Amino acid sequence: MALKLTSRFRRLLQRPGSIDLGPYEKLTVAVNEAGESSTALTDEELTEVVAEMRTEGGLDEDGLIEFLALAREAGERAIGERAFDGQIVGALALLQGRVVEMATGEGKTLAGAFAAAGYAIGGRKVHVLAVNDYLAERDAEWMEPLYKLLGVTVSHVGQASSPEERRAAYQAEVCYAPVSEVGFDVLRDRLAGDVADRVSAEPDVALVDEADSVLIDEARVPLVLAGATRSEELDDDVVQLVRTLRAGVDYEVDGDGRSVALTDKGTDNVEEFLGGIDLYDDANLDKMTQVNVALHAEVLLRKDVDYLVRDGKVNLINNSRGRIAKLQRWPDGLQAAVEAKEAVPVSESGEVLDSITVQALIKRYPKLCGMTGTAVVVGEQLQEFYAVEVAVVPPNKPNIRVDDTDRLYLTVEQKNKALVAHVKEIHETGRPILIGTHSVEESEQLSDQLEAAEVPHVVLNAKNDAEEASIVAEAGVPETVTVSTQMAGRGTDIRLGGRDGSNGRERAAELGGLYVVGTGLHASRRLDDQLRGRAGRQGDPGGSLFFASLADELVTRYSITSGLRPSPDKDGRLTDRKAVGTLDHAQRVADGANAELLRTTWSYSRLTEQQRAIVLDTREKILVSDLAAEKLAASSKERYDELVEAHDESVVKDAARRIALHHLDRRWTDHVAYLADLREGIHLRSLAGGIVHLKPIDEFNKSAIASFDTLIDDAWKDAAETLETAEIGSTGLDEEASGVPRPTATWTYLVNDNPFGTEADRILGRLRNAIKGDELVTVEDDTPVELAEEDLPEELRDLDEDDLADDLPEELREADEDEDEDEDEGEKKK
């Protein structure tokens, strides 16, 4: 009753949360009653009954009840899984276009399969979008017997799938695929020179697995398609030079660790080393660029944190999942700089051909639904960006996991020492332990410390991601200690006693179940909850504990610790309210900053998406009709007639189509590059105060519109000029000789769509830069830090707290106000 009242109250306030499950629960009762008759059917009869239900208009309420009763029976027969009532409720919510929140181990995969099959029976085609190849392939193969019994075709797409395999897979009624692969297929299809080269199908229903990760976390980084252009090998003298430069003398790193720049002395030293050249002379621009990217690679990019070297290649690490970011590279020569730094072969450079945001990709689908273990926390963002509501399905059995209070320490060293001692103590009881770390580097450092403490363990990180599922599946075996990066293995159940529960399940339960230990809080409490959720599945016992320090990146980046007077105990642990509150404050600020980043990404991409739609409409007409031949015959009549006399007209039409496509794509590629430069310049002008009383987004849109106005007309002019000199033979157009070669799409760029950070980053950066020296005031020196006005940056000198609050994004203002309220409440209690 209390849950329903809370749900209604939240809806009254129009704050997305759990919708009322009452209607779904009533339908579930009807499904249970209808299921009694389905048990008497043979497999063939069950398939026939479902086939008779097929419709093009979607299943009505009676049809849903009958179908789900048959699907539950099919699940038990085909894969040995009989759906709980909660899974039926989840399937109903998915079929109504909701994002369903179901706890880990509650059977999201089966509920999703029921919903996907239900959409298929109703005449729709479904893409089940996963976070990686492994989960897409695993779930498709796992659920295949169920789909087969229901008469529904199923397939999957992975990174290794060939164009022919992709084309066939997308024709299935239900296709499982990583969201990135679907996005890259869309981008590649947009560059297709022939209709037969395209692989994607018309989008219809998107059912998103791990919806919060895909729709929120992954959406911060646009999917970008690049084509090879040239090799960008750095001069060896530049590579050797940057290794000799000294921090604080030859170069300085900004407070956020986001950029590095030569000092005047460093510039002098570099110019002298390179033979007395002037780095800022136009003739030496290439050398200046090489120095900058080499310095960035040497100083800011860390091996085993930002990337790792495997099989003689530099592989980027996906920060949100701790896995290898396959087929992703840094742009603008930075990839080559890192490869030179690590002495591995330098790969080709490339240019951006096109890009798409996750929001734009998802909005192509007329119907959206999804499922995850943590959705309510991002309910407002799901509503804002995707117009979907959250349905929270209660667990089949009550959650009895015990979540201990976070333990805070003064330094990272003290935190790690306490963590290892605690893990050793728990391990000696035999209880299984899963330790979640934030990076490959951290996992390996912790591994060394555990080894020194004689704690046997297994490490799962980006270096052995191929085995992640099998390693994680055994994390529930007694006496097992598993060290994992981020959410590696997410989507794989951790059962007590191992994969089949036969390896000490009872003992593991008696010991308290799986014990999850976090080496630090994430930027969002939601991510902490995801890690905690690995324990306590299906009513099993379990526990969790997070360790943190005031020197963790979360605190140093998103909170101001100056003025704190921490009083650690002999082990460095902090328990005072102010210090502990710093963690919560930092997470709230980080959540606000990330929400703003997603909002900014979307606001800047809206106009681009509208312009892209215009280009794609023209491109489609060129691709499927004789528009190119008609246009070029009108603008270059003599040349066109001459070519038709010399060759078959079909050959000339094909040549005209290829020429027109090349120039349209070329103009769009140049426009995309211009928009990237424009975006960067707009923020520079904003930071410098160059735009007065104008929003950067408005200025961006003005310039973008002006640049796009003549794009298509210019492409037709270019095509007409090329036709005049094109090399066309009896077999068709010689693209290379005619200067219109097709681009080779070979990789994706990993791009942050807000290169100067969010407004919150900039404000926090100003505050951090204002507070010089050691941020922490130790027990020995408990004098609060006092800053003279002249010590402050100019923009903060006349700024009081109210002014600063006005400058914060709305989410951060709320976080700051919440903290003030907490402090006031604490004073009243005193």
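Just so it is clear, the structure is predicted and the values come from calculations on it, not from any experiment.

Thresholds applied
- Residues numbered from 1 in each chain as written.
- Predicted model: local features only at pLDDT ≥ 70, side-chain atom pairs only at ≥ 80, totals over all residues.
- Heavy atoms only, no water.
- Helix = DSSP H or I, 4+ residues; strand = E, 2+ residues; numbered from the N terminus.
- Buried < 20%, exposed > 50% of the residue type's maximum accessible area, 1.4 Å probe, protein only.
- Areas by Shrake-Rupley, 256 points an atom, 1.4 Å probe, with all protein chains shown as cover.
- Axes fitted to C-alpha atoms, helices over the stretch in contact; angles between N-to-C directions.
- Parallel < 35°, antiparallel > 145°, perpendicular 65-115°, else oblique.
- Left-handed = near helix turned anticlockwise from the far one by under 90°.
- Contact = heavy atoms within 4.5 Å.
- Nonpolar A, V, L, I, M, F, W, Y, C, P; charged D, E, K, R; others polar.
- Salt bridge = Lys/Arg side-chain N within 4 Å of Asp/Glu carboxyl O.
- Pairing = 2+ DSSP bridges.
- Expected span 1.5 Å × (residues − 1).
- Core = buried A, V, L, I, M, F, W, Y, C linked by side-chain atoms within 4.5 Å.
- Phe/Tyr/Trp six-rings, centres within 6.5 Å; stacked < 30°, edge-to-face > 60°.

Engineer: Any chance you could explain the overall build of the chain here in plain terms?
Structural biologist: From N to C terminus, the chain includes 32 helices and 26 strands. In the chain, which comprises 830 residues, the proportion classed as buried is 53%. By element, 48% of the accessible surface of the chain is carried by carbon and sulfur atoms, the whole surface being about 37400 Å².

Engineer: Would you mind going over the packing of helix α6 (residues 108–121) against helix α7 (residues 133–150) with me for this structure?
Structural biologist: Angle between the axes and distance between the axes: these two values describe a pair of packed helices. Following both chains from N to C, one finds α6 and α7 inclined at 50°, their axes separated by 10 Å at the closest point. By the angle between their axes, α6 is oblique relative to α7. The chirality of how α6 crosses α7 is right-handed. Contacts from Thr109, Leu110, Ala113, Phe114, Ala116, Ala117 and Ile121 of α6 reach α7 at Arg138, Asp139, Trp142, Met143, Leu146, Tyr147 and Leu150. Considering only residue class, the contact of α6 with α7 consists of 11 nonpolar, 1 polar and 2 charged.

Engineer: Would you explain the pattern of salt bridges in this entry?
Structural biologist: Two side chains that carry opposite charge are able to pair once their charged atoms sit near each other. Evaluated as defined, the whole model comprises 45 salt bridges. One salt bridge connects Asp185 with Arg188, and the closest N-O pair in it is separated by 3.1 Å. Note that Asp185 and Arg188 are positioned in helix α9 (residues 179–189) at a spacing of 3 residues, about one turn of the helix. Residue class for Arg188 comes out partly exposed when judged on its relative accessible area of 31%. Bridged by salt links that share partners, the residues Asp43, Glu73, Glu76, Arg77 and Arg82 form one connected network.

Engineer: When you look at the sheet that holds strand β15 (residues 390–392) in this model, what are you seeing that I'm missing?
Structural biologist: Hydrogen bonds between backbone atoms are what pair the strands of a sheet, whose relative direction is either parallel or antiparallel. Across the sheet, which stays open at both edges, the 7 strands sit in the order β3-β4-β2-β5-β14-β1-β15 with parallel pairing between neighbours. Each of the sheet's edge strands pairs with one partner strand only, and the pair in question is β3 (154–156) and β15. Sheet twist, expressed as the mean angle between neighbouring strand axes with direction ignored, is 20°. In this structure, β3 lies alongside strand β4 (residues 174–178), joined through 3 bridges in parallel fashion. Pairing of Val154 across the sheet is with Val174, part of β4.

Engineer: I keep staring at the pairing of strand β20 (residues 481–485) and nothing clicks. Help me out?
Structural biologist: Put simply, side chains in a regular strand alternate between the two faces of the sheet. Taking burial as the measure, the 5 residues of β20 include 5 buried ones, the bulk of the element. Here β20 shows a buried face lined by Val481, Val483 and Thr485 and a second buried face lined by Thr482 and Ser484. As judged from the 5 bridges shared by strand β18 (residues 433–437) and β20, these two strands associate in the parallel manner. Bridging across to β20, Ile435 finds its partner in Val483.

Engineer: Is there a simple way to explain the environment of Gly536 in this structure?
Structural biologist: Relative to the assigned elements, Gly536 resides in the loop between α21 (525–532) and β22 (542–549). Owing to a relative accessible area of 13%, Gly536 belongs among the buried residues under this scheme. In the structure, Gly536 is positioned 22 residues away from Leu514 in sequence and 7.2 Å away in space, judged by C-alpha atoms. Each residue touching Gly536, except ones within four places of it in the same chain, is listed here: Asn399, Arg401, Pro541 and Gly542.

Engineer: Just to check I follow, could you spell out helix α17 (residues 412–427) for this structure?
Structural biologist: Two residues of an α-helix separated by three or four positions point the same way, owing to the 3.6 residues in each turn. In this model α17 runs 22 Å from its N-terminal to its C-terminal C-alpha over 16 residues, within 8% of the 22 Å that 1.5 Å per residue would give. Buried positions along α17 lie against β17 (407–409), β18, α18 (440–452), β20, β21 (514–518) and β22.

Engineer: Looking at this structure, how should I read the nonpolar core?
Structural biologist: Generally speaking, soluble globular proteins have nonpolar side chains that are buried together. Residues Phe67, Tyr147, Leu150, Val174, Tyr176, Leu382 and Tyr386 are the most contacted members of the largest nonpolar core, which totals 101 residues. It is α6 that contributes the most residues to this core, 10 residues altogether. Among residues more than four places away in sequence, those in contact with Tyr386 are Leu215, Ala219, Val358, Gln359, Ile362, Lys363, Leu368 and Gln381.

Engineer: Looking at this model, I keep getting lost on the packing of aromatic side chains. Mind explaining?
Structural biologist: A complete count under the given rule lists 3 aromatic pairs for this structure. Summarising the aromatic geometry, the rings of Tyr147 and Tyr176 are spaced 6.3 Å apart at their centres and angled 70° between planes, so their arrangement reads as edge-to-face. Remark: Tyr176 occurs in strand β4 and Tyr147 occurs in helix α7; sequence separation between them is 29 residues. Just as Tyr147 is buried, Tyr176 falls in that class too. Between the aromatic rings of Tyr409 and Phe547, the centroid separation amounts to 6.2 Å while the plane-to-plane angle is 15°, which identifies the pairing as stacked. Highlighted residues: Tyr409 in strand β17 and Phe547 in strand β22, separated in sequence by 138 residues. The burial state of Tyr409 is the same as that of Phe547; both residues are buried.

Engineer: Just to check I follow, could you spell out the pairing of strand β2 (residues 126–130) for this structure?
Structural biologist: Within β2, 5 of the 5 residues are buried, which leaves the element mostly enclosed by the surrounding structure. Residues Val126, Val128 and Ala130 point to one face of β2 and His127 and Leu129 to the other, with burial holding for every one of them. Two elements, β2 and β4, share 5 bridges in a ladder whose sense is parallel. Paired with Val128 across the strands is Tyr176, a residue of β4. When β2 meets strand β5 (residues 205–209), the two strands line up parallel, connected through 4 bridges. Paired with Leu129 across the two strands is Val208, which belongs to β5.

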